[in-house]
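In case you want the letters, here they are:
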Amino acid sequence: MLINIITLFPEMFAGVLQQSILGRARQGNYVEIHLKDLREFGIGSHKVVDDAPFGGGGGMILKPEPIAAALEDLGQAGHVIITTPRGKHFQHPDAVRLSRMKAITIICGHYEGIDERITELFADEELSIGDYVLTGGEIPAMVIADAVTRLIPGVLGKDTLETGDSHYKGMLEHPHYTRPREFRGIVVPEVLLSGNHEEIRIWRKKMAFQKTRSVRPDMLLRENDFDTDNLDREEE
Ligand code: ADE
């Protein structure tokens, strides 16, 4: 898969793209990530990329010409995304959908926003990573690239859709424990040491349900494959 990122701050991506799973996914050729420096497409000797908004108001707007030129300079743009707090919420099903594409291009928004004609002419969608305003679209672009890359088959070493990934099953994750059995007076729940896989499965499901009900009850209201009737029966 190809992920292009058009940004005014390509240096921000260096660490994230080299480390851990993203770094390995690139080395293993599961994903190719191309950074396009928007400044290179700026206008005139000062490489201007922004201007004041028509109609007045504060802040600066990213001009359309440099972004169009950067997009047209890409070999393959594929599905074009703009990161902006006014976009649709980026959620797990979006990561799955994007991970199945051959190529995506993320345009990192900045300042007060991007000239609307870029959205109209080139964007397939606008995505927000949450209801807060960041200083730019670079961190959202990293979030999207990371969430998408880990879903590409082979990247995590096993088929991720078969794991107990929280959000994939519409539930938050159950608690996890590793050695030692006791840490600062807190003992690992006995059931996890029992070797009884069926009991462990039921315990995990119950804990996931309790956690979700307590911190994200909205998830339980959505359609998902979690059968709460069965849980009650299993609890009896
Ligand atoms: N740019 C600034 N804030 C953002 C957000 N929450 N999501 C996506 N892009 C953004």
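The structure this text deals with has already been given above.
Since we're looking at a predicted model, the values are computed, not measured.

## Overview of unusual backbone geometry
Here's step 1: A cis amide bond, omega 5°, links Arg179 with the succeeding residue Pro180.
Here's step 2: In this fold, Pro180 is placed in the loop between α6 (138-149) and β9 (182-183).
Here's step 3: Of note in the backbone geometry, Tyr111 takes a positive phi value of approximately 55° without being a glycine.
Here's step 4: Residue position: Tyr111 is located in the loop between β6 (103-108) and β7 (113-114).
Here's step 5: Residues other than glycine seldom take positive phi values, yet Arg184 does so here, at roughly 50°.

## Regarding the packing of helix α4 (residues 92-99) against α6
Here's step 1: Put simply, α4 and α6 touch, their axes get as near as 8 Å, and they point 70° apart. Taken together, the axes of α4 and α6 are roughly perpendicular relative to one another. Of the two elements, α4 crosses α6, and the hand of that crossing is right-handed. Contacts from Ala95, Leu98 and Ser99 of α4 reach α6 at Ile144, Ala147 and Val148.
Here's step 2: Here the residues of the contact of α4 with α6 are counted per class, giving five nonpolar, one polar and no charged.

Cut-offs and rules
- Residues numbered from 1 in each chain as written.
- Predicted model: local features only at pLDDT ≥ 70, side-chain atom pairs only at ≥ 80, totals over all residues.
- Heavy atoms only, no water.
- Helix = DSSP H or I, 4+ residues; strand = E, 2+ residues; numbered from the N terminus.
- Axes fitted to C-alpha atoms, helices over the stretch in contact; angles between N-to-C directions.
- Parallel < 35°, antiparallel > 145°, perpendicular 65-115°, else oblique.
- Left-handed = near helix turned anticlockwise from the far one by under 90°.
- Contact = heavy atoms within 4.5 Å.
- Nonpolar A, V, L, I, M, F, W, Y, C, P; charged D, E, K, R; others polar.

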